[in-house]
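Residue strings, one per chain:
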Amino acid sequence: MLQIRDVLLIKNRTEEENLTQWDFNVVITQTGARRNVRVDIPNDTPSDLSELADAIKAKDTALGVASPLNGTGIDMADFGTKTAAVVALVADAKTADADAQALHGQALNLLGYIEGQTSGTAGTLYYDLIIIRDRLLQVSFDEEENLTQWGFKVVVSGHSTGKKAGGGETPEPVTVEGNVPTPGLVTADTTGITITPATAIILQAFGTGLRFYFMNTPGGIPGPATPYVDVQGGQSITVSALQLGYSITAIYLCVENIGMTPGSYIITFL
């Protein structure tokens, strides 16, 4: 292509604009009495270069015996063969790239990573993994390192829940109380309380049976896969936050009345 450009420049001296007919980009400037000519060859991408080669091949073929490239020693037959091969390969590469993008998008959709999807988007791999992780954490309470056997990366560190009494190292239990009508569903006020999956929680129900669980939104209705704990009136049960479905997204502690009369609750975070 460089040889073709130089031959055409020689044969079009003082009329270098003619090279645009061969699809070259010609830039002509003037510095005093001096004429400056620059003919660019787009070698940044295979696509641009192959397009120029294809245009040159088409122009040479159209001119036939009148082509200024005849008799210059440039093997235009070989140039044409290589150009056809490159144009085909570039087209194949573009198709393959489009296919790869489509496959990548399909994979992201199944994973649950496309815009608008969250860990709560049912039917995605991310959604299933969250349920699997939380279920394994439930059955491995106090032995969370066991999840490494399933391929999860586990980081175990010490946490304190609630406020510390007198600045000491023993955390002070924090209590939340409330009432639940029948039928009724309320969200316990846990504002300012630090909760982790391992946080121990004492659940107490009075007057009727209550159901406790964490949800992604306040006052959410539990689904078939939502972990929950039922506490009968007068009972006191100690569980972990994880057993109630706590996660990085499920942070709202809901209390549902499953009895026939109004009830109340006391929740103590240890």
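You'll find the structure just up there.
So, here's what we can say about the structure.

1. Focus: the sheet that holds strand E5 (residues 174-180)
Note: strands within a sheet are paired through backbone hydrogen bonds, in either parallel or antiparallel orientation.
Next, step 1: Within the open sheet, the 4 strands sit side by side as E5-E12-E7-E10. Their pairing is antiparallel. Because the sheet does not close on itself, it has two edges, and the strands there are E5 and strand E10 (236-240). With direction set aside, neighbouring strand axes in the sheet form an average angle of 20°.

2. A few points about a negative patch on the surface
Next, step 1: A surface patch of negative charge is lined by Asp23, Asp44, Asp48, Glu51 and Asp54.
Next, step 2: By the element assignment, Asp48 lies in helix H2 (residues 46-63).
Next, step 3: Taking the relative accessible area as the measure of exposure, Asp48 reaches 35% and is therefore partly exposed.

3. Some details on the packing of aromatic side chains
Next, step 1: A complete count under the given rule lists 3 aromatic pairs for this structure.
Next, step 2: For the ring pair Phe212 and Tyr265, a centre distance of 6.5 Å and an interplane angle of 90° mean the geometry is edge-to-face. Taken together, the positions of Phe212 in strand E8 (residues 210-215) and Tyr265 in strand E12 (residues 263-269) put the pair 53 residues apart, joining distant regions of the chain. This pair shows no difference in class: Phe212 is buried, exactly as Tyr265 is.
Next, step 3: Measuring from ring centre to ring centre gives 5.2 Å for Phe214 and Tyr246, while their planes differ by 75°; the resulting arrangement is edge-to-face. Placement of Phe214 in strand E8 and of Tyr246 in the loop between E10 and strand E11 (252-257) is noted, with a sequence separation of 32 residues between them. Take Phe214 and Tyr246: they sit in the same class, and that class is buried.
Next, step 4: Arg211 extends its terminal NZ or CZ atom over the ring of Tyr228, reaching a point 4.0 Å from the ring centre.

4. Some words on the pairing of E8
If a strand is regular, its side chains alternate between the two faces of the sheet.
Next, step 1: Burial within E8 is extensive, with 6 of its 6 residues counted as buried.
Next, step 2: Alternating residues of E8 divide into Leu210, Phe212 and Phe214 and Arg211, Tyr213 and Met215, and every residue in both groups is buried.
Next, step 3: As paired strands, E8 and strand E9 (residues 229-231) are joined by 3 bridges and run antiparallel to one another. Looking across to E9, one finds that Leu210 is bridged to Val231.
Next, step 4: One ladder, built from 6 bridges, connects E8 with E11; its direction is antiparallel.

5. Points about the sheet that holds E11
Next, step 1: Read from one edge to the other, the open sheet built from 4 strands follows the order E6-E11-E8-E9, with strand pairing classed as antiparallel. On the outer flanks of this sheet lie strand E6 (185-187) and E9, each paired with one strand and no other. Geometrically, the sheet is characterised by an average inter-axis angle of 25° between neighbouring strands, direction not taken into account.

Each value, and the rule that gives it
Every chain's residues receive numbers from 1 upward, in the order its sequence appears when written. In keeping with the model being predicted, local features are shown solely for residues with a pLDDT of at least 70 and side-chain atom pairs are shown and tallied solely at 80 or more, while totals for entire chains, interfaces and linings include all residues. Only hydrogens and water are set aside when side-chain values are computed; all heavy atoms of the structure are taken into account. Being paired, for any two strands, means DSSP has found at least two bridges between them. A run of H or I in DSSP counts as a helix once it spans at least four residues, and a run of E counts as a strand once it spans at least two, with each numbered from the N terminus. Between the N-to-C directions of two axes lies an angle of 0 to 180 degrees, each axis being a line fitted to C-alpha atoms and, for a helix, fitted only over the stretch in contact. Exposure above 30% relative accessible area and the lack of any salt bridge qualify a residue for a patch; like charges then connect within 9 Å, and the nonpolar side chains Val, Leu, Ile, Met, Phe, Trp and Tyr within 5 Å. In short, Shrake-Rupley with a 1.4 Å probe defines the accessible areas, and a residue's cover is counted only from the protein chains shown. In the sections that follow, a salt bridge refers to a side-chain nitrogen of Lys or Arg positioned within 4 Å of a carboxyl oxygen of Asp or Glu. By the counting rule applied here, Lys and Arg register as positive and Asp and Glu as negative, while His and the ends of each chain are not counted. Positions of charges follow a simple convention, taking NZ of Lys, CZ of Arg, CG of Asp or CD of Glu. For every residue, the accessible area obtained with a 1.4 Å probe (protein chains only) is divided by the maximum for its type, and the residue is called buried under 20%, exposed over 50%, and partly exposed between those limits. Paired rings are identified among Phe, Tyr and Trp, the last through its six-membered ring, by centres lying within 6.5 Å, and are further divided according to the angle between planes into stacked (under 30 degrees), edge-to-face (over 60) and tilted (the rest). In this analysis the charged atom, NZ for Lys or CZ for Arg, is taken to sit over a ring once it is within 6 Å of the ring centre and within 35 degrees of the ring normal.

Any functional reading would require information that these geometric values do not contain.
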